[in-house]
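Each chain is listed here by its residues.
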Amino acid sequence: MDQTAFMIGFTVMSLASLAIYAKGGKSPPSRHHTLLHAAVPFMAASAYLAMAFGIGTLVKVDGSATYFARYIDWSVTTPILLSSLVLLAFHERGKTGEVGGYLTSIIVLDVLMIATGLIASLAEVPLVKWVWYLWSCAAFAGVLYLLWGPLRTMAAERGGALGDAYGKNVTFLTVVWFLYPIVFLVGPEGLKIISDPASVWAILVMDIVAKVAYAFYAASNLDKALHQHGSD
Ligand code: RET
């Protein structure tokens, strides 16, 4: 447990939620993205507040902690982050049935990734833990396949500027998201190479990059693309 990190997490995430809302575009279509991205740190702030009070923190027999609040946060925020990318890939396509199909499958895979990761964290028997860890990685691979395969093709079909914006956003997202299974692997829930406070601080920085820095980066790429797209 690291009280300071949790309190910093709560403060940074609450202010970031307001800042993303205040700075974001207010007219459609960027308004949808503004609202999606402002909701993400609001959820994270709630999770950090719970962790600061020790609510939903389970210490297992091996002494390692599972922070339930974190998994609940991720199961809500990662689908929101993915939705904004899927919507970008489908920008102005109007094929609502198709958007729905992709959104549903990517969200199901993503929520399975988090839920099976939670099972891996809770598992006490090493073999069982690693089976669930790999199963979670399989779901992660499915998410990445959809993002880099069919959805990237669709975004590219929308034309240069939108295709570029999708490409930049998906690259940023993929690099940051890869750090999570790595920190799990080396952290107290996995091989215990790094301590609990070290992993809490690492995840705090990753959460700020994946939720807040990404929100500003994605919004600026989208705005540039819409600007060019409009003047094509
Ligand atoms: C776990 C453990 C098991 C294996 C895998 C994982 C992946 C987690 C990811 C989390 C992303 C969280 C984000 C939160 C911020 O908004 C569950 C750690 C693959 C990718 C981006």
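Residues numbered from 1 in each chain as written. Predicted model: local features only at pLDDT ≥ 70, side-chain atom pairs only at ≥ 80, totals over all residues. Heavy atoms only, no water.

Engineer: Explain the site of the ligand here, please?
Structural biologist: Close to the ligand lie 17 residues; M113, S136, W177, Y180 and K211 are nearest. A distance of 3.1 Å separates an oxygen atom of the ligand from a polar side-chain atom of K211. Within the residue set of the shell around the ligand, elements represented by two or more residues are α3 (68-89), α4 (96-122), α5 (126-148), α7 (160-186) and α8 (196-230). Class assignment of the residues belonging to the shell around the ligand gives a composition of 11 nonpolar, four polar and two charged. (Near = heavy atom within 4 Å. Polar contact = N/O pair within 3.5 Å; in protein donor to acceptor, adjacent residues only side chain to side chain. Helix = DSSP H or I, 4+ residues; strand = E, 2+ residues; numbered from the N terminus. Nonpolar A, V, L, I, M, F, W, Y, C, P; charged D, E, K, R; others polar.)

Engineer: Mind showing me how you'd approach the packing of aromatic side chains here?
Structural biologist: Two measures describe an aromatic ring pair: the distance that separates the ring centres and the angle between the ring planes. In this structure the tally under the stated criterion is 10 aromatic pairs. Of the aromatic side chains, those joined through ring pairs into one cluster are F6, Y48 and Y67. For K26, the ring lying beneath its charged end belongs to Y21, and the centroid distance is 4.7 Å. (Phe/Tyr/Trp six-rings, centres within 6.5 Å; stacked < 30°, edge-to-face > 60°. Lys NZ or Arg CZ within 6 Å of the ring centre and 35° of its normal.)

Engineer: Even after reading the chapter, I still don't get the packing of α5 against helix α6 (residues 150-157), so can you show me in this structure?
Structural biologist: Packing of α5 against α6 leaves a shortest axis separation of 3 Å and a crossing angle of 20°. Classified by the interaxial angle, the pair formed by α5 and α6 is roughly parallel. Here Y145, L146, L147 and W148 of α5 lie close against α6, whose contacting residues are P150, L151 and R152. Looking at the contact of α5 with α6 residue by residue, the class counts come to six nonpolar, no polar and one charged. (Axes fitted to C-alpha atoms, helices over the stretch in contact; angles between N-to-C directions. Parallel < 35°, antiparallel > 145°, perpendicular 65-115°, else oblique. Contact = heavy atoms within 4.5 Å.)

Engineer: Is there a simple way to explain the pattern of salt bridges in this structure?
Structural biologist: Side chains bearing opposite charge may pair, as long as their charged atoms lie close to each other. The final tally for this structure, using the stated rule, is three salt bridges. Note that K211 and D73 form a salt bridge whose closest N and O atoms lie 3.4 Å from each other. Here K211, found in helix α8, pairs with D73, found in helix α3; they are 138 residues apart in sequence, far enough to count as distant. By sharing partners, the salt bridges in this structure join D73, D207 and K211 into a single network. (Salt bridge = Lys/Arg side-chain N within 4 Å of Asp/Glu carboxyl O.)

Engineer: Is there a simple way to think about α5 in this case?
Structural biologist: Along an α-helix, residues three or four apart share an orientation, since each turn contains 3.6 residues. Between its terminal C-alpha atoms α5 stretches 32 Å, which fits the 33 Å expected from 23 residues at 1.5 Å a residue. Taken residue by residue, α5 has K129, Y133, S136, A139, F140, G142, V143, L144, L146 and L147 as its buried positions. (Expected span 1.5 Å × (residues − 1). Buried < 20%, exposed > 50% of the residue type's maximum accessible area, 1.4 Å probe, protein only.)

Engineer: Even after reading the chapter, I still don't get the confidence of the model for the protein chain, so can you show me in this structure?
Structural biologist: Interpretation of this model should avoid reading the predicted coordinates in detail wherever pLDDT is low. Confidence along the protein chain averages 93 in pLDDT terms, with 96% of residues attaining 70 or more. Mean pLDDT in the protein chain bottoms out at α6, which sits at 92, and peaks at α5, which reaches 98. With a pTM of 0.95, the predicted complex shows an ipTM of 0.98. (pLDDT = per-residue confidence, 0-100.)

Engineer: I'm lost on the environment of A115 in this one. Help?
Structural biologist: Structurally, A115 is set in helix α4. Remark: the alpha-carbon pair of A115 and I72, spanning 43 residues in sequence, is separated by 8.9 Å.

Engineer: How should I be thinking about the packing of α3 against α7 in this particular structure?
Structural biologist: Packed helices, taken two at a time, are described by their axes: the angle between them and the distance between them. Look at α3 against α7: their axes get within 10 Å of each other, and the N-to-C directions meet at 160°. As judged from the angle between their axes, α3 and α7 are roughly antiparallel. In this structure, α3 meets α7 at a crossing whose hand is left-handed. Contacts between α3 and α7 pair Y71, W74, T78, L81, L82, L85, L88 and A89 from the former with L162, A165, Y166, N169, V170, L173, W177, Y180 and F184 from the latter. Tallied by class, the residues present in the contact of α3 with α7 amount to 15 nonpolar, two polar and no charged. (Left-handed = near helix turned anticlockwise from the far one by under 90°.)

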